[in-house]
Every structure is written in C-alpha cells, then in structure tokens.
Number of protein chains: 2
Amino acid sequence: MRTPRFDVSVYGVLDPARTHGRSLGELADAAIRGGVTFLQFRSKTQNTRRFLDAAFEVVKVTRARNVPLVINDRVDIAYAVDADGVHLGDEDMPAAQARRLLGKDAIIGQTVHSVDEAQAFPIEDADYFGVGAVYATSSKQRDVPPIGPEGFAKIRRSLATLAPGKPVVGIAGITWENCGSVMAAKADGVAVISDIFMADDVEAAARRLASAVRGNGEVAA
Amino acid sequence: MRTPRFDVSVYGVLDPARTHGRSLGELADAAIRGGVTFLQFRSKTQNTRRFLDAAFEVVKVTRARNVPLVINDRVDIAYAVDADGVHLGDEDMPAAQARRLLGKDAIIGQTVHSVDEAQAFPIEDADYFGVGAVYATSSKQRDVPPIGPEGFAKIRRSLATLAPGKPVVGIAGITWENCGSVMAAKADGVAVISDIFMADDVEAAARRLASAVRGNGEVAA
C-alpha cells in the first residue's frame, strides 16, 4: 500500500443546506485558506442537476487550492465533476462498486459505526474511514447514541489492526473545543460541518479548528 | 447513425412505489411476457443502496429476457448494474455527461416537454425521446397542463426534423384505451406505468396494451 497521498487532519464537510445563504465556492475557499486539508461535499436534498452544478462550483476551488474533494454518496456526480473520490455510508453504494466506476486512484472513504461493522467491511475497498457519531449533532439524525471518544478509540484500535496505515477521522458534533479528546483517541483528523461552515467568519473558524487539531494552544478565536 | 437497436413501442416504467407489494423481478418478468419491449426502472424515494439492490433484481430479468433496461436519472446505478442506459429529465445530469460515464453504446433517453425544449436540446446526445405529459397522471406531479395528442404531434414533428430516425415515445397517463390517439400522432411507442404495473394481472395488462399499440382490435382484456 502506498502512503496516503492526502491529509484528512482538518476535514471539512460542506453542505448546501448549511451555508447561511453564502456561496459554496466562497465557503470552500475560506475554509481552505483557514487550514482545511480535505473537503467532502454532500447534498441530501438537491436534485441531480443542482447537485452537479454545485459540485462543479466546489471542485473549481479545491482544484485551484490543491485540496482533495470527495462527494458524499453520488459516484456519478464524483465522476462527472472529476472529484478526487467519494465518501460512502451504509445507505450508499458498496465501495467496490464505486471503485469500479472511479478507478484505482480515486479516494474512497467509508463510514463505520461500530467494531462489528469494521470487522464485516471489506477493508481493502476503502482508503480512509470516518468513525462516529462521536458526539450528538444537529446535522444528521441517527437513532443510535453517540459513541464518545472512548467508543471512537475502540473502533480506531480495531481499524488499526484490520487496515493498518489507513487514516481514520472522527465524525459528528466535533468542534475546536472538543476535538482534542478525539485526537487523543488516536484520530488522524476530525470531520466538521457546523463548527466551520455555520460560523460567521469561516476562515477564522477553520483556522481555530486547525490549530486545535494540531494541539497547540494558539487558538485564534 | 445506426438504426436504433431497440424497440420502444411498448415501454414499461417500473417504480418500486407502484407495485402493490409485488416483487420487482416478478413484475418485470410478467410485463415482458405480456409484450413490453423496453423497460425503464425509476426510484424517487429509495436510498442508493436500496435502489442499487432493486436495480440488480430488475436487470437480472431484462438480461434473461433480452429486453433493454434504462435507469431513470442515476447514471451510477446504471453503470453499477450494467444496465443498457439511462433516461434523463431536466432535473438530471445532462445527456453528454451521462454519455461520458456510460460510453457510446449506452441508450440515453431524454424527456422533452415542448418544441422550445426540443430545439434547445443538444439532440445528438440522446438516442430516443420521451415527450409529455400527454395526459394527466397520478404518478408524477407537474405544474403544467398535459399537452394531449395534438401537443405531442407538434413536438414529434419538431423532433422528426431535428433528430431524424430517433424514436419518440409518449409519456404520462397513457393506457391501452387512449394509446391509439398517441400512436396516431406518430409516436413510436408509449411509456406506461400504472396501466401495466398497477394491474392485478400484469402480463394480461401488458398484452392488452401491446395489442392496442399495434392497432389490432384483439384486446386480451
């Protein structure tokens, strides 16, 4: 296996439903300027045409800024806009199918909710893992309680054995204030929506999070 | 341009929301036994995983019965299950993008609602057209009134000039009883959901429709 050629440490999740009316391109650019190292674009409510148009807007920025972009769920959108890959959950296409469409160089991320899921998953099909929900979140409703940093650590250890070298990010409810506990549980990064993209100053919010992830106290809040 | 290698004359549209609880594979098989020559599978409410699983079930039947299958909207699903193509509307991916994913041999259908849309559309990107809504329908809500056989005939004439040789099917609200008017307006076929798939006896309903489309009076009702 190659060394991962991407950095998931400050992983932003951009969603057209959570922009406070600002443009997606503007938000992506501000987040990357502030220190986001990896971007996921997801859209749960748009039709294909709007999702596609929006994804074109985002990929223009990530290409210019040289930050990887993955599309949530929709392999066709990822292919059409030439994104770097997809992020998949258990309601989405199996990773092997996505790989067949997108090719060996695509970055494929997979959400994992439990040690059982990690063990059942064909681990070779994904390039990184998102593990959670670490904390409760307003942006996605699940009927299972959050796993906390302790639950994260358990799944993370399991993945370290099953998929050595593949990065694992914590997902859900993570902010600059609580990300330290997730990083301490051996996360390679944290995936964040609201704490970045719902902020008034997205660039400053991303910088504050990036700083906290790196564990130095110089928080630009 | 090659002669179309597919027959859209009796065009069934299968939708998991309109099955009366019967299995998709069973419905597809019965419809084809009854005379459906072309099948579209659409799903507006399922997540990707369920849509994919359902499409695998349908394509197994269409392959065995040697009838083309197109997937509505989702190019990724079409690719994953190796369907024959996609059917696209104005909320879906542009046909040229779908072509890039699916290749030159894919069958790409495009919905056209008006002469203006027909003239604006890059006609070379599609292999056949669906024109409507011919009649009012319960299975899709649009805020424009149905065009009737007269409106269909007008768009059909326009497409005959713009895209000579490409088949055109009438869509929406078509039944074995009214399909004669659509065929008389120079349709190459009719696309039907409810009149086939909501029937108690799907095979008999398809046979009745096929017979009516061919214009002979021998209705097997």
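Above this text sits the structure in question.
Residues numbered from 1 in each chain as written. Chains lettered and ligands numbered in written order. Predicted model: local features only at pLDDT ≥ 70, side-chain atom pairs only at ≥ 80, totals over all residues. Heavy atoms only, no water.

Q: Describe the pairing of strand β8 (residues 189-192) of chain B, with residues and values.
A: Residues and elements named next belong to chain B. Side chains G189 and A191 of β8 all project onto a buried face; the interleaved residues V190 and V192 project onto the opposite face, where all are buried too. Pairing geometry for strand β1 (residues 10-14) and β8, over 3 bridges, is parallel. Opposite Y11, over in β8, you have A191 as the bridge partner. As judged from the 3 bridges shared by strand β7 (residues 168-171) and β8, these two strands associate in the parallel manner. Paired with G170 across the strands is V190, a residue of β8. In this region the chain leaves β7, passes through helix α7 (residues 179-184) and returns to the parallel neighbour β8; the handedness of that crossover is right-handed. (Buried < 20%, exposed > 50% of the residue type's maximum accessible area, 1.4 Å probe, protein only. Helix = DSSP H or I, 4+ residues; strand = E, 2+ residues; numbered from the N terminus. Pairing = 2+ DSSP bridges. Right-handed = clockwise from strand over helix to strand, strands pointing away.)

Q: Provide a residue-level description of the sheet that holds strand β6 (residues 128-131) of chain B, including the pertinent values.
A: Picture the strands of a sheet paired through backbone hydrogen bonds; they go either parallel or antiparallel. Residues and elements named next belong to chain B. Taken in spatial order, the 8 strands of this closed barrel run β1-β2-β3-β4-β5-β6-β7-β8, and their pairing is parallel. Ignoring strand direction, the axes of neighbouring strands in this sheet form an average angle of 25 degrees. As paired strands, β6 and β7 are joined by 3 bridges and run parallel to one another. Bridged to G130 within β7 is V169. Here helix α4 (residues 95-102) sits on the sheet and contacts β4 (85-88) and β5 (107-112); the angle it forms with β4, its principal contact strand, is near 170 degrees. (Axes fitted to C-alpha atoms, helices over the stretch in contact; angles between N-to-C directions. Contact = heavy atoms within 4.5 Å.)

Q: Describe the nonpolar core, naming the residues involved and giving the relevant values.
A: By size, the foremost hydrophobic cluster in this structure holds 129 residues, and its most contacted members are F41 of chain A together with F41 of chain B. Setting aside anything within four residues of it in sequence, one finds F41 of chain B in contact with L14, P16, L24, Q46, F51, A54, A55, V58, L69, V70, I71 and N72 of chain B. (Core = buried A, V, L, I, M, F, W, Y, C linked by side-chain atoms within 4.5 Å.)

Q: Which residues make up the relation of the copies chain B and chain A, and what are the values?
A: The two copies are related by a screw motion: chain B maps onto chain A through a turn of 180 degrees and a shift of 0.0 Å along the axis, at an RMSD of 0.0 Å. The symmetry that links the two subunits is that of a two-fold axis. The C-alpha atom lying nearest the rotation axis in chain B is that of D76 of chain B; the distance is 2.4 Å. By residue overlap, the copies meet face to face through one surface: 100% of the interface positions of chain B are interface positions in chain A. (Least-squares fit on C-alpha atoms with pLDDT ≥ 70 in both.)

Q: For the sheet that holds strand β1 (residues 10-14) of chain A, give the residues involved together with the corresponding values.
A: Residues and elements named next belong to chain A. The 8 strands are arranged β1-β2-β3-β4-β5-β6-β7-β8 in a closed barrel whose pairing can be described as parallel. Geometrically, the sheet is characterised by an average inter-axis angle of 25 degrees between neighbouring strands, direction not taken into account. In the packing of helix α4 (residues 95-102) onto the sheet, contacts are made with β4 (85-88) and β5 (107-112), and the angle to β4 comes to roughly 170 degrees.

Q: Go over the pattern of salt bridges, please, and point to the residues and values.
A: Side-chain pairs of opposite charge can arise where the charged atoms are in close proximity. Counting across every chain of the model gives 26 salt bridges over all chains. A salt bridge links R65 of chain A to D29 of chain A, with the shortest nitrogen-to-oxygen separation between them at 2.8 Å. One end of the pair, R65 of chain A, is in helix α2 (residues 48-65); the other, D29 of chain A, is in helix α1 (residues 24-34), with 36 residues separating them in the sequence. On the basis of relative accessibility, which here comes to 18%, the residue D29 of chain A falls in the buried class. Where E203 of chain B meets R207 of chain B, a salt bridge forms, and the shortest distance between an N and an O atom there is 2.8 Å. With E203 of chain B and R207 of chain B both in helix α9 (residues 202-213) and 4 residues apart, this pair spans about one turn of that helix. One continuous salt-bridge network, built from bridges that share partners, spans D29, R33, R65, E203 and R207 of chain A. (Salt bridge = Lys/Arg side-chain N within 4 Å of Asp/Glu carboxyl O.)

Q: Just give me the short version of the side chain of D73 of chain B, but keep the residues and values in it.
A: Along the chain, D73 of chain B turns up in the loop between β3 (69-72) and α3 (75-81). Nearest to the buried, unbridged D73 of chain B among oppositely charged side chains is R74 of chain A, at 4.3 Å. Those residues in contact with D73 of chain B, other than ones at most four positions away along the chain, are T48 and R74 of chain A together with H87, L88 and D92 of chain B. (Lys, Arg positive; Asp, Glu negative; His and termini not counted.)

Q: Go over the interface of chain B and chain A, please, and point to the residues and values.
A: Counting residues at the interface gives 21 residues for chain B and 21 residues for chain A. Here chain B packs against chain A, burying approximately 1,900 Å² in sum over the two surfaces, 54% of which is carbon and sulfur. Among the residues chain B hides against chain A, the three largest losses belong to R49, D76 and Y79 of chain B. Together they make up 27% of the total. Our count for the contact surface shared by chain B and chain A stands at 2 salt bridges. D76 of chain A serves as the salt-bridge partner of R74 of chain B, at 3.9 Å between the closest nitrogen and oxygen. There are 13 residue pairs in polar contact (both at pLDDT 80 or more) connecting chain B and chain A. Those elements that place two or more of their residues in the side of chain B that touches chain A are α2 (48-65), α3 and α4 of chain B. Among the elements that take part in the side of chain B that touches chain A, α3 of chain B stands out by supplying 5 residues, more than any other. Among the residues forming the side of chain B that touches chain A, the class breakdown is 9 nonpolar, 4 polar and 8 charged. (Buried area = accessible area lost by both parts, 1.4 Å probe. Polar contact = N/O pair within 3.5 Å; in protein donor to acceptor, adjacent residues only side chain to side chain. Nonpolar A, V, L, I, M, F, W, Y, C, P; charged D, E, K, R; others polar.)

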